[in-house]
Amino acid sequence: MAFELPSLPYSFGSLEPHIDALTMEIHHDRHHNAYVTNLNNATAGTDLEGKSLIEILNNIDDYSAAVRNNGGGHYNHSLFWTVMSSSGGGEPEGDLAQAINARFGSFDKFKNEFSTAAATRFGSGWAWLCKKNDGEVEVCSSPNQDNPVMPGVGCGGTPILGLDVWEHAYYLNYQNKRPDYIAAFWNIINWEEVAKRYAE
């Protein structure tokens, strides 16, 4: 079964003014679609056909750079689209809020640490909030299309929130002002989805 580009759960313009419609269209229809196409090309006719994306990423050191980059790109973006919403923003509640407070001391301290991880990731990459096996949460970042599902990358555990800091994610609207893009992201985080991922 070939990998498929997931549909966006909202229209291209839904996240404006924080992320503009043209950026969303190019990011989803061209960038993410290219990762899916290239991943299918890289796995076609190999023993990776029929394996889940998680299976592949968990053993990524065994595979080619094309599988790593495009498999990571597909996974990362598939998560990214779901953790944003036009009705997002605010703060998490319930178990996720308790886990964040337990680890960081407060939501504001978490927000600062996550924003710093995103702002200081050199070049292209991602910032993550991950849930570890013991239920604790951790912030980290990863280069390129790597993610903490891959062995030895970032903080380990399962990503439940991710922010794309590749320039293609923000350059049309924010140019080189990555901190402004990061600040805008807090207005559209879908905490309901992040909490669901934490619970799972």
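Going by the structure above, here's the rest.
In this report, the structure presented in the accompanying data block is examined.

Scoring rules and cut-offs
- Residues numbered from 1 in each chain as written.
- Predicted model: local features only at pLDDT ≥ 70, side-chain atom pairs only at ≥ 80, totals over all residues.
- Heavy atoms only, no water.
- Pairing = 2+ DSSP bridges.
- Helix = DSSP H or I, 4+ residues; strand = E, 2+ residues; numbered from the N terminus.
- Axes fitted to C-alpha atoms, helices over the stretch in contact; angles between N-to-C directions.
- Contact = heavy atoms within 4.5 Å.
- Salt bridge = Lys/Arg side-chain N within 4 Å of Asp/Glu carboxyl O.
- Buried < 20%, exposed > 50% of the residue type's maximum accessible area, 1.4 Å probe, protein only.
- Phe/Tyr/Trp six-rings, centres within 6.5 Å; stacked < 30°, edge-to-face > 60°.
- Lys NZ or Arg CZ within 6 Å of the ring centre and 35° of its normal.
- Disulfide = S-S within 2.5 Å.

Some thoughts on the sheet that holds strand E3 (residues 158-164)
In spatial order, the strands read E2-E1-E3; together these 3 strands make up an open sheet with antiparallel pairing. Each edge of the open sheet carries a strand with a single partner, namely strand E2 (137-143) and E3. On average, each strand axis in the sheet is tilted by 25° relative to the strand beside it, whichever way the strands run. The sheet contact formed by strand E1 (residues 125-131) and E2 spans 7 bridges and is antiparallel. Within the sheet, the bridge partner assigned to Ala127 lies in E2 and is Ser141. Here helix H4 (residues 94-104) sits on the sheet and contacts E1, E2 and E3; the angle it forms with E2, its principal contact strand, is near 80°.

A word on the pattern of salt bridges
One side chain can pair with another of opposite charge once the charged atoms of both are near each other. Tallying each qualifying case throughout the model produces 5 salt bridges. Among the ionic pairs, Glu193 bridges to Lys196, the shortest N-O distance being 3.6 Å. Placement of both Glu193 and Lys196 in helix H8 (residues 191-199) is noted, with a separation of 3 residues, approximately one turn of the helix. The class for Lys196 is partly exposed, based on a relative accessible area of 43%. In this structure, the salt-bridge partner of Arg197 is Glu193, at a minimum N-O distance of 3.0 Å. Highlighted residues: Arg197 and Glu193, both in helix H8, separated by 4 residues, approximately one helical turn. When salt bridges that share partners are traced, they join Asp61, Arg68 and Asp146 into one network.

Quick look at the packing of aromatic side chains
Using the criterion set out here, one finds 16 aromatic pairs in the structure. With a centroid separation of 5.5 Å and an interplanar angle of 90°, the aromatic rings of Phe80 and Trp126 are classed as edge-to-face. Of the two residues, Phe80 sits in helix H3 (residues 65-82) while Trp126 sits in strand E1, which places them 46 residues apart along the sequence. Take Phe80: its relative accessible area is 1%, and that puts it in the buried class. Measuring from ring centre to ring centre gives 4.8 Å for Tyr170 and Tyr181, while their planes differ by 25°; the resulting arrangement is stacked. Taken as a pair, Tyr170 in the loop between E3 and helix H6 (171-174) and Tyr181 in helix H7 (residues 178-185) lie far apart in primary sequence, 11 residues in all. The residues Tyr170 and Tyr181 share a single accessibility class, namely buried. Site record: aromatic cluster; members linked through ring pairs are Phe80, Trp81, Phe104, Phe107, Phe110, Phe114, Trp126, Trp128, Phe185, Trp186 and Trp191. Here the basic side chain of Arg103 rests over the ring of Phe104, its NZ or CZ set 5.0 Å away from the ring centre.

Quick notes on the state of the cysteines
For the structure on display, the rule yields 1 disulfide. Between the sulfur atoms of Cys140 and its disulfide partner Cys155 the distance amounts to 2.4 Å. On the sign convention where negative is left-handed, the bridge of Cys140 and Cys155, at about -50° about the S-S bond, is left-handed. You can see Cys140 sitting in strand E2 and its partner Cys155 sitting in the loop between E2 and E3, a full 15 residues away along the chain. Like Cys155, Cys140 is buried.

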